[in-house]
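An overview of the molecular structure
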Amino acid sequence: MATFELYRRSTIGMCLTETLDQMVSSGVLSPELAIQVLIQFDKSMTEALENEVKSKVSIKGHLHTYRFCDNVWTFILQNAQIKSEEGQETVEYVKIVACDSKLLTQ
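Since we're looking at a predicted model, the values are computed, not measured.

1. Digging into the pairing of strand 3 (residues 87-99)
For strand 2 (residues 72-84) and strand 3, the ladder comprises 12 bridges, and the chain directions are antiparallel. Bridge pairing links Trp73 to Ala98 in strand 3. Where strand 2 folds back on strand 3, the antiparallel hairpin that results is connected by 2 residues.

Structure, rendered in structure tokens:
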């Protein structure tokens, strides 16, 4: 299964990367094994979001910035209202990154 590496920029992905860097620097982990852990993280995140998450959200806001580069859309919304089954939240900024999942099979 091919995966995108965009989940590495999430909070949990950045924490994992930082921890792996510390472990490599202290000699506890080899760089090769750290890369394998990140590859597995990418696969696990893709699989979990595809198979386990059933929630839907609605997002409305003012489009501040948008970009399409290398088949990846990036949207930054300002004063966004996020509605889900659990409730509603308003945030100052939200960044949405969207990739074509069909590219994973190529």
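2. Observations concerning the pairing of strand 2
Put simply, side chains in a regular strand alternate between the two faces of the sheet. Where strand 1 (residues 58-69) meets strand 2, 10 bridges bridge the pair, whose relative direction is antiparallel. When the sheet's bridge partners are listed, Leu63 is paired in strand 2 with Leu77. The turn linking strand 1 back onto strand 2 is made up of 2 residues, and Asp70 within it adopts a positive phi angle of 55°.

3. Here we look at the side chain of Thr74
As for its position among the elements, Thr74 is in strand 2. The exposure class assigned to Thr74 is buried, which follows from its relative accessible area of 12%. Discounting residues that sit within four places of it in the chain, Thr74 has contacts with Thr65, Tyr66, Arg67, Lys95, Ile96 and Val97.

4. Remarks on the sheet that holds strand 1
Within a sheet, adjacent strands bond to each other through the backbone by hydrogen bonds, running parallel or antiparallel. With antiparallel pairing, 3 strands are arranged side by side in an open sheet as 1-2-3. One side of each edge strand has no neighbouring strand; the edge strands of this open sheet are strand 1 and strand 3. With direction set aside, neighbouring strand axes in the sheet form an average angle of 15°.

5. Points about the UniProt feature "domain: Transcription initiation factor IIA gamma subunit N-terminal" (unreviewed entry) in the chain
Mapped onto the present numbering, the UniProt feature "domain: Transcription initiation factor IIA gamma subunit N-terminal" (unreviewed entry) falls at residues 4-49. Overall, residues 4-49 shows 74% helix and 0% strand. The separation of its end C-alpha atoms is 12 Å.

6. Quick word on the pattern of salt bridges
Pairs may arise between side chains of opposite charge once their charged atoms sit close together. Tallied over the full model, the rule gives 2 salt bridges. Between Arg8 and Glu5 there is a salt bridge; the shortest N-O distance is 3.8 Å. Arg8 gets classed as buried once you look at its relative accessible area, which sits at 19%. For Glu5, a relative accessible area of 51% corresponds to the exposed category. Its salt-bridge partner being Arg8, residue Asp42 comes within 2.5 Å of it at the nearest N-O pair. One end of the pair, Asp42, is in helix 2 (residues 31-51); the other, Arg8, is in the segment before helix 1 (11-25), and 34 residues separate them in sequence. The same class applies to Asp42 and to Arg8, which are both buried. Here the salt bridges share partners, and the residues they tie into one network are Glu5, Arg8 and Asp42.

Parameters and conventions
- Residues numbered from 1 in each chain as written.
- Predicted model: local features only at pLDDT ≥ 70, side-chain atom pairs only at ≥ 80, totals over all residues.
- Heavy atoms only, no water.
- Pairing = 2+ DSSP bridges.
- Helix = DSSP H or I, 4+ residues; strand = E, 2+ residues; numbered from the N terminus.
- Buried < 20%, exposed > 50% of the residue type's maximum accessible area, 1.4 Å probe, protein only.
- Contact = heavy atoms within 4.5 Å.
- Axes fitted to C-alpha atoms, helices over the stretch in contact; angles between N-to-C directions.
- UniProt positions renumbered as here; feature names shortened; annotations may be inferred.
- Salt bridge = Lys/Arg side-chain N within 4 Å of Asp/Glu carboxyl O.

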